[in-house]
Every structure is written in structure tokens, then in C-alpha cells.
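# Fold and geometry: a report
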Amino acid sequence: MSDAKTGSMSRRSLLHMIGTVAGSTAMYNAMTEMGYAQESGYAGPPKLGAVKPGASVLILGAGIAGMVAAMEMRDAGYKVTVLEYNGRPGGRNWSLYGGDTYTELGGFTQHVQFDPGQYINPGPWRLPHHHYGILHYANKLGVTLEPFQQVNYNAYVHNTNVNGGKPKRFREVQADFHGHVAELLAKSTKQSALDQDVTKEDQAILLEALRAWGALDKDMKYVKGRASSNRRGPLVDDGGGLNSLPTYSEPDSMSTVLNSYMWRAIGWGHDYEYQTSIFQPKGGMGSIGKAFGAALGNLITYNAKVIDIHQDDKGVTATYIDSRTGGAPQKASADWCICTIPASVLSQIPMNVSGKMKAAINAIPYGAGLKIGLQMKRRFWEEDDRIYGGLTYTNQPNAMIGYPMWDYFSKGKGVLLGTYLMGAGAFVASAKPPEERIKDALEYGEKVHPGQYKANFECGVAVAWHRVPWTLGCSGQWTEAAREEHYNNACALDGRIVLAGEHISRLPAWQEGAVTSATDAMTRLHARVMSA
Amino acid sequence: MKFAFAAVVAVVGLCISTAAMADGAQDMGAGAMNRGGPYDFKGGQAIYTNVCQGCHMPDAKGAVGAGMYPALAKNEKLETAGYPVAVITHGQKAMPSFGTLLNDQQVADVVNYIRTNFGNKYKDKVKPEDVKAQR
């Protein structure tokens, strides 16, 4: 970073002044204009610099946001104390393994019976390549990352009402959709329907591009033949020797493709967050939280349920009880506080902050999410269907099936993601007892993998995020209107307290939101500490 | 020169425009062939058991963890029928809005169900037009 001067004032002190007087948004805008801020939102770990001797910070929550703040502020020289509701680090960074017991709200208890090496990530399971913050900490903590496949061309798209309920391969659906659209557009171009919009010179290029993109033949048609089969796959795979006559597969008609609604399945992997490359921690997403927890050691007090947060001109005190046994309230105090408790829970905890911040905390509804892990005694999707990782989409209420993206070709067992829901469908599945959710998931899976699914099922676990005792939902859901009115107030430093977490970010539900939120919060807090 | 590739962009856009985790995501986004809603459950009891009891629990007594879900059983706040109508339609604090998932009749039905069950004995009924007025 250059030390360029703006008038008689250094750029840094100008930014500090803007930040202090006008708040973070003004500072961010100023930073952008001055060429500091990066669009990614993460420009590396905070460089906090010198710390006032003896300065202390109380961090509420040992999820990703809380532990990023704890590690950086400890390393900068702060005296750090962390309170965590659960008996483990990580928060929603969490994997369930055989031997784990999980009790959801309502008292429904599940004993996970997976084999060693098997797991399910009930919460986050993907690390996009541009989520630099969470990737930085995974690397720093020595967590091994392996590829996560969002898109598998050989996985299925399934609609119970189409093709006799027989699934199509993802590549067939995508090739047919692209092919027909390309043919249609080529036809329009040749019929001069686009002459108003595309020059004759550009039309020639467009036709060439459409042929390549849509796998059209020499007549610009998407029909059974070498070009389309090269994209959607042949009827029988080519081979060597005498038995290798080429066979071409028959594309579905455009009307069939459109009415199947299978095209809905081909878009997800195009979105920025789902583009290759994506990673997952080896052995489960929870590996990151565990590594953070190990690095922070006894800075974290576990099983601490915060029941009151109070600040005055001297510092901040959190009152807490044992989350398992209750008992006498205890207190933890520090000069400053970074609170990463989900807004769903925080809105219920007495805390003396401004009316504006309270209104912001109360303005964040929590979304529904639900995942089910199903252990199968045989990796039939690999052995029989040649599906190695990725996702199958279905119109059934389980929405999709995720295949394990590790231990490919192993002769052993595997855990499928049998259901992955958000929103409307997740509320409905959450309203059922866990064993019923699993029973439903098996029925849906059997339709996609008939004769294989139920026969190989051994055990499962279902996590409905609205029944998770420490989050009461999956993640913070901002509407545009709520952001306009409340977001800056949620981010603001309120006396000695600042909030952080995925809910205090523009990447809700993503761990990167937690990292970037914590980075921003502690940077602003530190500036306040040093100017106090 | 304007290069209106709009036809293709519009068609392809149908399937790539919704980020699954975007602001206010109430559906599964681009990957979902099953959107899960709006709900077609009929009658207050069906709506309660298929949706509401996920949080408020089958016995409507709520639950307690790091935070809590309020009990609807014997809940005096239900005395004013407009209150549950508003909460269901618009959401409150962490509770999401169900205004787009339930129609006026469904909101009225589930409010009437809750207000006459679980130890609640309120006689006045909510009508769909009462719900409509609160939207």
C-alpha cells in the first residue's frame, strides 16, 4: 500500500477521519475512490498493528466469524475471551460423524451411526475459489482441501412426470436445450429476423458461434448425428477394434425439453458462487472449525449460553449460564465486544445498544434449510450409474441428491446427501420428525435409483435448520428494503459493541460472509480502540 | 453497434438468473425443479402440522435453546386476531414472512385453528378479507 499524501494529510489518517465521522460506508466509498478497496471484499487478513497494552475483547460465538476475530486480535496482542453456546467450536461449520448425538429443538434426538470416514455437512459444504477469506484460513490452519463438484454431466435430471419417470443425464438435458436454442436463433438469423439488431458481418460470426455452442450440424440443425452425440453422448460409447461402429443418440424435441422443466437444473452451476473450481475440506467442513478451535485452545469457554449483554463507559459484560445444566449465572467482561450471535438468537437477549441497532437486529428473518445424510452400504451410483460426485436434480420434494465427493472408486460405503432444501419445502420437511424426513428421502431416492436406493440404505441423519437450538434457522435473509433501512445500522460500532457474522454481510449463508464481516468489524473496532 | 443477443440471453436467463443464496431467498433458486411453494395445504390443521409445527412444535408449546420459539398454546397475545395474521403475513424478528406461501384463505384458516386449539378458546373468526386488508 502506498503512503501517498492527500494535501497535508496522509491517506490513512484521512480515511480514519472519514470512518470515524461518517461511518463505514462513507469510508468504503472513499476507499474505493482512492483505489484501496477490492471488489472481492477480502484483501487479506487485517493488519491491526500496535495494540494498546492490556486492551481486551470479548467475543460472543465461536463460529467462523468469532474465531477469525479471536485469532487475529489475539495475534495482534489483545486479551481475548470467547463464549460459545455449543460444546465444540465451529458453529454452522459442522460435520456429523458416526458416534455423534444431535438433539434438535423439540427434543428429537438422533444418534449418528455412520461408519468411520463417513460424514455429512449439515451446513456449508462448498468453498468457491473466489472466497479468498475462508480459503486463507483453511490454508493457514493446515486444512487439506479437495475438489467439490457442483456440476456432473453424468449425474441425473429427474422428473416423475417426464420420460416415464426415468431420469435423463445432465449432459443430455443441457445439450438438447442449448442445441434447440441455437438452431432457433440460427434460423431467425438466416430469415433476416435479426437484421435490425445484428449487422450482416456479425451475423456470419453469430452463426459460426451458434454452430459451435449448440452442436449444430452442417445445415445448422440440432439433430441426431455426430455433432449432437459428441455433446449429449452417443448411444453406445465408441471403442476399439471391430466392434466400434459409431452410434448416435436421439435428442429430445424442443417441446419435450421445454415442457420437461428439466432446463431448470442446468443453470445453477453457471452462477458465480457455483463455478468451477470449488473446494471442500477433506474429512468434512467441520475440519476448519476444529482447527480454529485447536488453535485458540482455552480462549474459548464452551457450553456458555449468553443471557445478557451490558455495556457502560468502562467495558462490556456478558452474563451466561451453562447451556446444558443452567445453574448460577457467570460473567465475562472486556473493554470491547464483537458479538457474532445469530440475529435470531440475539434479538432475544437483553443488550443495551441503540434503538437503530436493535431495529436492525429485529429486521433479519432466518431462512429455512434442511439436509439429510444417508449411508449406503455400496456406492451403487458409481458402480452402476458411473456418477462420481456432483448433484442429481429431481422435481420431488427432496429437490436433489448429492453424491460423496471423496473416496471415489472405493469398494466401501458412501453417504449420499439425500435431501437438500431451502425455503418453502424446507419448512415442510422441518415440521416432520427426523425419522419421517429420512423415510421420505428414501422414497424419493428410490424413484431416481430404482432397486438400488432402499436396498443399500443403512442409516441416516436429518438436520432441519429451524430446529437447530443455537441458530433457529439457516442464515440471515435480507430483503433489499431491509438492507436499505437497516444494514449500515447493523454494521455500525455501537459504543463498545460491534456485530459480525454471515448475517452482517452481503454474502449471507456463506462462510466468506462471516470472514469478511469479522475482518471489517475488527478493523473498525481496532481503529476505535486506538483513537479512544 | 447494438448487438442484441437478447433472445438467447432472455431464454438462458430464465435458468440462471436466481442465485440460490441471494437476498431474501425463499426458494431453491436456479437448481430447483421443485419450488416447494406456494403451499396447497387445505384447512388450518393441515397448515399447522405441515408448516408451523416445525418451530412452534406439534403441541404448540414452543421450544428453548440458545433462543426460544414462543408457545402458541394458551397464548394471550392471540386474543387480538389481527396480531397472528400480521405475524404470519409479514414475519416478525427472526420469523420469516409466509405471505407469499399462504393465500388469504390459508392464513385465515390457520389463525382460526390456532386460536381455537392448544388451550386457546377465542370465538371470533378471521375471514380471508381480514387477511387481505393486512397485506
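Above this text sits the structure in question.
Residues numbered from 1 in each chain as written. Chains lettered and ligands numbered in written order. Predicted model: local features only at pLDDT ≥ 70, side-chain atom pairs only at ≥ 80, totals over all residues. Heavy atoms only, no water.

Time to look at the pattern of salt bridges. All names here are of chain A. Following the criterion strictly, the structure yields 20 salt bridges over all chains and no others. One salt bridge connects R74 with D75, and the closest N-O pair in it is separated by 3.0 Å. With relative accessibility at 30%, the residue R74 sits in the partly exposed group. On the basis of relative accessible area, D75 is assigned to the partly exposed category, the value being 46%. Ionic pairing is found between D440 and K432, a salt bridge with its closest N-O pair at 2.8 Å. Residue K432 is classed as partly exposed on the basis of its relative accessible area of 21%. Residues joined by salt bridges that share partners form a network here, namely E104, R437 and R467. (Salt bridge = Lys/Arg side-chain N within 4 Å of Asp/Glu carboxyl O. Buried < 20%, exposed > 50% of the residue type's maximum accessible area, 1.4 Å probe, protein only.)

The strand order β9-β13-β10 (chain A) describes an open sheet built from three strands, whose pairing is antiparallel. Taken across any chain shown, the strands that pair with only one partner, and hence form the sheet edges, are β9 (127–128) and β10 (145–148) of chain A. (Pairing = 2+ DSSP bridges. Helix = DSSP H or I, 4+ residues; strand = E, 2+ residues; numbered from the N terminus.)

Turning next to unusual backbone geometry. The step from T276(A) to S277(A) runs through a cis peptide bond, and the omega angle for that step is 5°. Inspection of the secondary structure assignment puts S277(A) in the loop between α8 (254–260) and β13 (278–281). A cis amide bond links G37(B) with the next residue in sequence, P38(B), at an omega value of 0°. Its location among the elements puts P38(B) in the loop between α1 (6–16) and α2 (44–56). Positive phi, normally seen in glycine, also occurs at D407(A), with a value near 60°. Here D407(A) lies in the loop between β21 (400–402) and β22 (414–422). Since its relative accessible area comes to 41%, D407(A) is described here as partly exposed. The backbone phi angle of M57(B) is positive, close to 80°, even though this residue is not glycine.

Residue and element names in this part refer to chain B. Estimates place the volume of the second largest pocket at around 790 Å³. As for the second largest pocket, its lining consists of 30 residues, and the residues nearest its centre are H56, P70, V87, Q92 and M95. Along the lines of polarity and charge, the residues of the lining of the second largest pocket split into 21 nonpolar, seven polar and two charged. (1 Å grid on protein atoms, 1.4 Å probe; cavity = no way out; pocket = protein on both sides within 12 Å on 5 of 7 lines; lining within 4 Å. Points joined across faces, edges and corners; volume = space filled by probe spheres on them. Nonpolar A, V, L, I, M, F, W, Y, C, P; charged D, E, K, R; others polar.)

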